[in-house]
Amino acid sequence: MKRLVLIFFLITSTLTASSAESSNPDEPLDVFELIMGHISDSHQWHVLDYTNRHGQEIHLSLPLPVILWHNGELWFYSSDEFYHGDELAPLGNNYVTLHKEKFYLTDKDATLHQDEEGKITNIRPLDFSITQHVASMIMSAVIILLIFISMARAYARFGMSPPKGFRSVLEPIVLFVRDDIAR
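Presented here is a report on the structure given in the accompanying data block. What you are looking at is a predicted structure, and each value in this text was computed from that prediction instead of being measured.

This brings us to the sheet that holds strand E5 (residues 89–91). Strand pairing within a sheet occurs via backbone hydrogen bonds; the two strands may be parallel or antiparallel. If you trace the three strands from one edge of the open sheet to the other, you get E5-E6-E7, paired in antiparallel fashion. For this open sheet the edge positions go to E5 and strand E7 (102–106), each flanked by a neighbour on one side alone. Neighbouring strand axes in the sheet, compared pairwise and without regard to direction, differ in orientation by 40° on average. Sheet topology note: the strand E6 (residues 94–99)/E7 ladder contains five bridges and is antiparallel.

Below you can see the structure in the form of structure tokens.
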């Protein structure tokens, strides 16, 4: 188990370091853009970027479900239908496009109308999509539930005997939450 955790952290740090070094060394690093690119929400879960043997950049991402509400109807799409805002998807008599991670109703030419201040005035359907942040919260909740359900089963099986293995790591956390936070 210790080796597995060590290997995970080594791979993660290596991927992070190689992605930071892959930018052009002549250009200054825009830290704000780098940070905002990592923490901003998205309708796709970005997994990996790499360059194949032909020199083409490959972007691997997991498409997430897009759920839109317009005129009393729910519309379901996959986020890969929008290709980062370059494609349109039909929505009733209109079309919907993705622009800066927001959905807008447009015509078939994808025209976005702006006012004097530069704000887009197209109608926006209600967006109930599962974004990257929502998907990570759901995944975290499932992992936490699995860990604590298995811990509860171990206590039911072995009673209050001294914890061994992974239980010995989790028990101080559970006791801290119970004694110092809940009480």
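A word on the nonpolar core. Formed by Val66, Leu68, Tyr77, Phe82, Ala89, Leu91, Val96, Leu98, Phe103 and Leu105, the largest nonpolar core amounts to 10 residues. Those elements that place two or more of their residues in this core are strand E3 (65–70), E5, E6 and E7. When neighbours within four sequence positions are excluded, Phe82 is seen to be in contact with Val66, Tyr77, Glu87, Ala89, Val96, Thr97, Leu98 and Phe103.

Next up on the list: the sheet that holds strand E4 (residues 73–78). Ordered by their spatial adjacency, three strands build an open sheet running E4-E3-E8, and the pairing between neighbours is antiparallel. In this open sheet, the two edge strands, each paired with only one partner strand, are E4 and strand E8 (126–127). Summarising the sheet, E3 and E4 pair through six bridges and their orientation is antiparallel. For His70, the partnering residue across the bridge sits in E4 and is Glu73.

Reading the values: rules and limits
- Residues numbered from 1 in each chain as written.
- Predicted model: local features only at pLDDT ≥ 70, side-chain atom pairs only at ≥ 80, totals over all residues.
- Heavy atoms only, no water.
- Pairing = 2+ DSSP bridges.
- Helix = DSSP H or I, 4+ residues; strand = E, 2+ residues; numbered from the N terminus.
- Axes fitted to C-alpha atoms, helices over the stretch in contact; angles between N-to-C directions.
- Core = buried A, V, L, I, M, F, W, Y, C linked by side-chain atoms within 4.5 Å.
- Buried < 20%, exposed > 50% of the residue type's maximum accessible area, 1.4 Å probe, protein only.
- Contact = heavy atoms within 4.5 Å.

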